[in-house]
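What follows is the residue order along each chain.
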Amino acid sequence: QVQLVESGGGLVQAGGSLRLSCAASGRTFSAYTMGWFRQAPGKEREFVAAITWGGGRTYYADSVKGRFTISRDNAKNTVYLQMNSLKPEDTAIYYCAAALGATINAHDYDYWGQGTQVTVSS
């Protein structure tokens, strides 16, 4: 069982930065691929980034590649999403999730956090 709690969301101007954190409970955190997803009003949840259990592989949506960086600290049971050069279209609720196996498919993720709001003003 893994419980996830996101933090770090907020309001930022376009071009600014935010760092999201996701704290996990559970002794097997290091066994999971961790992902970030987002959902904007009226839109479906979409993949943002993922990192495998050892951090050896990372995956990004084309829309955030070069602007967002995912990382993890298994000693702290925490995964991060550094978001730079934010755009108004990045506005969404951001969720972290955990999956066994390397995947970017939301349906493969077994555990989800409650989400944190990110709002980018123009």
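In the block above lies the structure referred to throughout.
Residues numbered from 1 in each chain as written. Predicted model: local features only at pLDDT ≥ 70, side-chain atom pairs only at ≥ 80, totals over all residues. Heavy atoms only, no water.

Colleague: Would you explain unusual backbone geometry in this entry?
Modeller: Glycine aside, negative phi is the norm for most residues, and most peptide bonds take the trans geometry. Unlike most non-glycine residues, N77 shows phi in positive territory, near 50°. Mapped onto the elements, N77 comes out in the loop between β7 (68-73) and β8 (78-83). With a phi angle near 50°, S85 is a residue other than glycine that sits in the positive phi range. Relative to the helices and strands, S85 is located in the loop between β8 and β9 (92-99). On the accessibility criterion, S85 (42% relative accessible area) is partly exposed. (Helix = DSSP H or I, 4+ residues; strand = E, 2+ residues; numbered from the N terminus. Buried < 20%, exposed > 50% of the residue type's maximum accessible area, 1.4 Å probe, protein only.)

Colleague: Looking at this structure, I do not really get the state of the cysteines. What am I missing?
Modeller: Covalent bonding between the sulfur atoms of two cysteines is what defines a disulfide. Scanning all chains against the criterion turns up one disulfide. Disulfide pairing places C22 opposite C96 at an S-S distance of 1.9 Å. Here C22, found in strand β3 (residues 18-25), pairs with C96, found in strand β9; they are 74 residues apart in sequence, far enough to count as distant. Across the pair, exposure class does not vary: C22 and C96 are buried alike. (Disulfide = S-S within 2.5 Å.)

Colleague: I tried to follow the pairing of β9 on my own but got confused; where do I start?
Modeller: Where a strand is regular, its side chains alternate between the two sheet faces. With respect to burial, β9 is a largely interior element, seven of its eight residues being buried. Here strand β4 (residues 33-39) pairs with β9 via seven bridges, running antiparallel. Directly across from G35, in β9, lies its bridge partner A97. Judged from the three bridges that link them, β9 and strand β11 (residues 116-121) form a sheet pairing that is antiparallel. When the bridges of β11 are listed, I93 appears paired with Q117. (Pairing = 2+ DSSP bridges.)

Colleague: I tried to follow the pattern of salt bridges on my own but got confused; where do I start?
Modeller: Oppositely charged side chains can pair when the atoms bearing their charge come close. Across all of its chains, the model carries four salt bridges by this definition. One salt bridge in this structure joins K65 and D62, with 3.2 Å as the shortest N-O distance. Among the ionic contacts, a cluster of salt bridges with common partners joins R38, E46, R67 and D90. (Salt bridge = Lys/Arg side-chain N within 4 Å of Asp/Glu carboxyl O.)

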